[in-house]
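Residues per chain, in single letters:
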Amino acid sequence: MTQSRPLLRTSLFLALAAPLLLGIAASCSPVRYIMMTASPTGAGPDAEPSLPGLENGLDGWIQARPEVQALLSETLYGAPLPVGVVEVTSRALIDDAAYNGAGRLEMLTLLISLPDDGQGVIDLALVTPNGSSSAAPAILIPSDCGLQAQLLRTDISLNRNPVPSYCEPTGSMLEEYASSFFGEYVVSPPIEQILRRGYAVAAWHESDIAPDRASLHGETLSALGLDPDAPDRPGVIGVWAWMMSRVADALETDPQIDASRLAVMGHSRRAKAALLAGARDERIGVVLAHQSGTGGASLHRDNLGEPIGSITDSYPHWFAPGYAAYAEHEDELPLDAHYLLALIAPRSVLLGNSWRDVWSDPAGAWRAAEAASPVWSLYGVDGLNQTRLDQMDASGRLAYHIRPATHGVRAEDWNAFLDFLDARLEP
Ligand code: GCU
């Protein structure tokens, strides 16, 4: 009897939800895009404009870099935030045999002080691998659903700020189906597997400082001592990238962590932030940017995935205010996604994708990688060592991973991330 329950629930769910799902599919662009498959060769228009300075070799690129950084800030993400000073104001051991004994879980409080009485606080969970006497490389992973959901533990303090409504309620039928659709690791990474591969995890809830709500973004900036009405005010993607760097500040002083081997991982909107953090902060050795899409690794000029008009309408708080003016005028952008990737060279980037996530434009990310790759060569290291999208080659510092199915985080994604880290974060 009990064995037939899942079947019964599935039939019931389908009967009740099919009309609703069809309605959503017809009206919602990301879902409609699931019916499509990305180009198997990544073919499409070349990335434009070409990267500045390359005709003068490495010196030319190094000279052009500040101009590229400024263009990115003006056009896409807004001004970088002041660095500020990070203090660890509390630290508590929660469990020294967490995740089946694989790691040690601690909770830290980070107090960040900024000019003009700006302040921010982050509750940072640090899980370090047991059984090794040397300092561990760390993966920095922000969470949208809060630390309890991300770490799968109820014995840690509740989030400072509420989680988005889609994170609740737990255990519902809808959640069960959402996780089979978006993958088993969309909320919580495979922490035990990560620890057993020798990596520490640093995790925090992005809403501690910057909730993903347009109506709250002004408050976020004011609390940080910034002017919410400044024409170059940072968007939330910029604030999330800055939070990654502030977590790196704290890890740099931690003897358990090898701060010369730091990686950031982000999915989707957080992948946009991870790429920006990598572009702006040279301490980040590896960026794992999964399905970053528009405003991340995918070329705007591709006109295939999410349009600028749509992203800036739905999420006006994500980017610099001026970005919206390029809707329908993608060709007038003074840069494209390959500029963002090039700024991470000669450090390492893995772009994760899936065939049916055309909303994130996997082909556009492939061509951005191809266009950025020569910058790695200028530094005398390998960039993209792949001729096919579906054969990730971690011998290059710029790599591309793609798998079947849709938007989300699955076991094969984390296998690829960890293989890339093993290759790129060797001691
Ligand atoms: C939306 C948005 C994307 C974003 C994604 C996500 O689909 O349009 O730009 O990447 O949400 O964060 O999951």
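Owing to the predicted nature of the structure, the values given are computational and were not obtained by experimental measurement. (Residues numbered from 1 in each chain as written. Predicted model: local features only at pLDDT ≥ 70, side-chain atom pairs only at ≥ 80, totals over all residues. Heavy atoms only, no water.)

### Describing the sheet that holds strand β6 (residues 257–267)
Item 1. As summarised here, the arrangement of the nine strands in space is β1-β2-β3-β5-β4-β6-β7-β8-β9, forming an open sheet in which the pairing is mixed. One side of each edge strand has no neighbouring strand; the edge strands of this open sheet are β1 (85–97) and β9 (398–403). Here the average twist between neighbouring strands, direction ignored, is 20 degrees.
Item 2. Where β6 lies against strand β7 (residues 284–290), six bridges are found, and the strand directions are parallel. Opposite G266, over in β7, you have A289 as the bridge partner.
Item 3. Running over the sheet, helix α14 (residues 411–424) touches β4 (136–143), β6, β7, β8 (348–354) and β9 and is turned about 160 degrees from β7. (Pairing = 2+ DSSP bridges. Helix = DSSP H or I, 4+ residues; strand = E, 2+ residues; numbered from the N terminus. Axes fitted to C-alpha atoms, helices over the stretch in contact; angles between N-to-C directions. Contact = heavy atoms within 4.5 Å.)

### A word on a nonpolar patch on the surface
Item 1. A surface patch of nonpolar side chains, amounting to about 280 Å² of accessible area, comprises M35, M36 and L304.
Item 2. Turning to its location among the elements, M35 is positioned in the loop between α2 (29–32) and α3 (57–77). (Patch = residues over 30% accessible without salt bridge, like charges linked within 9 Å, V, L, I, M, F, W, Y side chains within 5 Å. Areas by Shrake-Rupley, 256 points an atom, 1.4 Å probe, with all protein chains shown as cover. Salt bridge = Lys/Arg side-chain N within 4 Å of Asp/Glu carboxyl O.)

### Brief notes about the nonpolar core
Item 1. Ranked by internal contacts, the top residues of the largest apolar core, which has 89 residues, are L140, L251, L275 and L351.
Item 2. Among the elements that take part in this core, helix α9 (residues 236–252) stands out by supplying twelve residues, more than any other.
Item 3. Contacts of L351, omitting those with residues within four sequence positions, involve L275, A289, A297, L341, A365, A369, A399, Y400 and H401.
Item 4. Within the second largest apolar cluster, 32 residues are counted, among which are I194, V201, L350 and F417. (Core = buried A, V, L, I, M, F, W, Y, C linked by side-chain atoms within 4.5 Å. Buried < 20%, exposed > 50% of the residue type's maximum accessible area, 1.4 Å probe, protein only.)

### Looking at unusual backbone geometry
Item 1. E48 connects to P49 through a cis peptide bond whose omega is -10 degrees.
Item 2. Tracing the backbone through its elements, the reader meets P49 in the loop between α2 and α3.
Item 3. Here the phi dihedral of D116 falls at roughly 55 degrees; this positive angle occurs in a residue that is not glycine.
Item 4. Note that D116 resides in the loop between β2 (103–114) and β3 (118–129).
Item 5. Take D116: its relative accessible area is 66%, and that puts it in the exposed class.
Item 6. If you check the backbone angles, A405 has positive phi at about 75 degrees while not being a glycine.
Item 7. Residue placement: A405 occurs in the loop between β9 and α14.
Item 8. Residue A405 is classed as partly exposed on the basis of its relative accessible area, which comes to 29%.

### A word on the site of the ligand
Item 1. If you check the shell around the ligand, you find S268, R269, K272, E306, I311, Y315, W318, W359 and H407 and nothing else.
Item 2. Contacts to the ligand include K272, whose side-chain N or O atom sits 2.9 Å from an oxygen atom.
Item 3. Between the ligand and H407 there is a distance of 3.1 Å, counted from an oxygen atom to a side-chain nitrogen or oxygen.
Item 4. Considering the ligand on its own, with 320 Å² of exposed area, one finds that the protein chains cover 86% of that surface. (Near = heavy atom within 4 Å. Polar contact = N/O pair within 3.5 Å; in protein donor to acceptor, adjacent residues only side chain to side chain.)

### Overview of a negative patch on the surface
Item 1. A contiguous patch of negative charge, built from E74, D227, D229 and D232, is present on the exposed surface.
Item 2. Secondary-structure assignment places D232 in the loop between α8 (217–223) and α9. (Lys, Arg positive; Asp, Glu negative; His and termini not counted. Charge placed at Lys NZ, Arg CZ, Asp CG, Glu CD.)

### A word on the packing of aromatic side chains
How two aromatic rings sit relative to each other is set out by the distance from centre to centre and by the angle between their planes.
Item 1. Under the counting rule described, the total for this entry stands at seven aromatic pairs.
Item 2. Seen from their ring centres, Y315 and W318 are 3.8 Å apart, and the 10 degrees between their planes marks the pair as stacked.
Item 3. Using a relative accessible area of 24% as the deciding quantity, one classes Y315 as partly exposed.
Item 4. For the pair F319 and Y323, a centre-to-centre distance of 4.6 Å together with 55 degrees between the ring planes defines the contact as tilted. Summarising the burial analysis for this pair, F319 and Y323 share the class buried.
Item 5. Three or more aromatic residues joined by ring pairs form one cluster here, namely Y77, Y315, W318, F319 and Y323. (Phe/Tyr/Trp six-rings, centres within 6.5 Å; stacked < 30°, edge-to-face > 60°.)

### Quick notes on the pairing of β8
Item 1. In terms of burial, β8 is a largely internal element, seven of the seven residues being buried.
Item 2. Here β8 shows a buried face lined by S348, L350, G352 and S354 and a second buried face lined by V349, L351 and N353.
Item 3. Inspection of the sheet shows β7 paired to β8 by five bridges, in the parallel sense. In the strand pairing of β8, H290 is matched with G352.
Item 4. Here β8 pairs with β9 via six bridges, running parallel. Considered in β9, the bridge of S354 is made with R403.
Item 5. In terms of handedness, the path from β8 via helix α13 (residues 362–378) over to β9 forms a crossover that is right-handed. (Right-handed = clockwise from strand over helix to strand, strands pointing away.)

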